[in-house]
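# A look at the structure
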Amino acid sequence: MSEEFGGEFISLTDEEGNEFELEYCTTVEYDGSVYMAFLTVTEGDEDTEEPEESEDDGLVILKVVQVDGEDQLATLDNEEELNAVYELVMEDLFSEDED
């Protein structure tokens, strides 16, 4: 069976204590920083075969930052930075589809 059918999943807890699950998509670099892209996971995602409404539904982009010597994921507050990283993520995801 192909490895394409299994994804990498992580669970994150936000500042309010809410836990949610994300599926890893890709990692990109921009302006000397590392960013990771994930898709949100909702109940039933694994069993449903409904068509996707758009390629970026549920896309989450987080920046890898160092806190006390450990890597942590942080949200992006700068819209210009977010847009630039989003474009890189889309290029990376679509280039993988063409292979």
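Below is a short write-up of the structure. (Residues numbered from 1 in each chain as written. Predicted model: local features only at pLDDT ≥ 70, side-chain atom pairs only at ≥ 80, totals over all residues. Heavy atoms only, no water.)

### A few points about unusual backbone geometry
We note that Asp31 has phi near 50 degrees; this positive angle belongs to a residue other than glycine. Within the element layout of this structure, Asp31 appears in the loop between β2 (19–30) and β3 (33–40). Notably, Asp68 is not glycine yet its phi reads approximately 50 degrees, a positive angle. Locating Asp68 in the fold gives a position in the loop between β4 (59–67) and β5 (70–74). Given a relative accessible area of 80%, Asp68 falls into the exposed group. (Helix = DSSP H or I, 4+ residues; strand = E, 2+ residues; numbered from the N terminus. Buried < 20%, exposed > 50% of the residue type's maximum accessible area, 1.4 Å probe, protein only.)

### With respect to the environment of Leu82
One can find Leu82 in helix α1 (residues 79–98). For Leu82, a relative accessible area of 32% puts it in the partly exposed group. Separated by 19 residues in the primary sequence, Leu82 and Lys63 have C-alpha atoms spaced 9.6 Å apart. Not counting chain neighbours up to four residues away, the residues in contact with Leu82 comprise Ile61 and Leu76. (Contact = heavy atoms within 4.5 Å.)

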